[in-house]
Amino acid sequence: MSVDDGEPITVAGTVRVISDGIYTLGDKGMQGAETHMGLTVVLAIGALRLALRSVGNFEWDTGQFTSVGLDLRRAAIAFVKSPSHFRVAFGPVSERVLMADTPGPTTCNLRRVPFRKVRRPIHPLEPI
């Protein structure tokens, strides 16, 4: 594990699941498609469960959690880093959705993306 600057951090926990990361998407959208998260583990740190995968993947399906034994209905909070499409799958199992304005290409705040080669005005950044 590492923090934002890439420096490793040390944690103490228990590996609960080791998976090859292969599962079939079951939610609306790409239902039925097989996807690969690479080597995936669930690490338990107290009451916290972290699903750590070795290959990046779109977070468009609750199967990324259920495929490794995590029941979202029992979770107090689930975090996915996705700018939009996650709502199709996670909305129905969520009491509410909180948006985190994180840095990087998956920000939900398009005003933070440094568009340089686009014609202006561009919706939704400016009125058209």
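What you see is a predicted model, and the numbers here were worked out from it, not measured in a lab. (Residues numbered from 1 in each chain as written. Predicted model: local features only at pLDDT ≥ 70, side-chain atom pairs only at ≥ 80, totals over all residues. Heavy atoms only, no water.)

## Examining the pairing of strand 5 (residues 48–53)
We count it as follows: What makes two strands pair is DSSP finding at least two bridges between them. Runs of H or I in DSSP of at least four residues are treated as helices and runs of E of at least two as strands, each being numbered from the N terminus.
Bridging between strand 4 (residues 40–45) and strand 5 involves 6 bridges; their strand directions are antiparallel. The partner of I45 across the bridge, within strand 5, is L48. Once strand 4 ends, the chain turns through 2 residues before running back antiparallel as strand 5, passing G46 with a positive phi of about 60°.

## A look at the packing of aromatic side chains
To describe a pair of aromatic rings, you give the distance between the ring centres and the angle between the ring planes. Selection criterion: For Phe, Tyr and Trp, where Trp contributes only its six-membered ring, two rings pair if their centres lie within 6.5 Å, and the inter-plane angle classes them as stacked under 30 degrees, edge-to-face over 60, or tilted in between. Each residue is placed in one exposure class: buried if its accessible area under a 1.4 Å probe, protein chains only, is under 20% of its type's maximum, exposed if it is over 50%, and partly exposed if it falls in between.
Within this structure, the stated rule accounts for 1 aromatic pair. With a centroid separation of 6.0 Å and an interplanar angle of 85°, the aromatic rings of F65 and F90 are classed as edge-to-face. You can see F65 sitting in helix 1 (residues 63–66) and its partner F90 sitting in helix 2 (residues 86–90), a full 25 residues away along the chain. Given the relative accessible area of 6%, F90 is considered buried.

## Some details on unusual backbone geometry
Look at the link from R120 to P121: it is a cis peptide, with omega at 0°. Cis geometry is found at the peptide bond from H123 to P124, where omega equals 10°. For P124, the position within the fold is in the segment after helix 2.

## A few points about the pattern of salt bridges
Let me state the cut-off plainly: Within this document, salt bridges are pairs made up of a side-chain nitrogen of Lys or Arg and a carboxyl oxygen of Asp or Glu, the two lying within 4 Å of each other.
Throughout the structure, instances matching the rule amount to 3 salt bridges. For D71, the salt bridge is made with R73, and the minimal N-O distance between the two is 3.1 Å. A relative accessible area of 30% places D71 in the partly exposed class. Its salt-bridge partner being R120, residue E126 comes within 2.3 Å of it at the nearest N-O pair.

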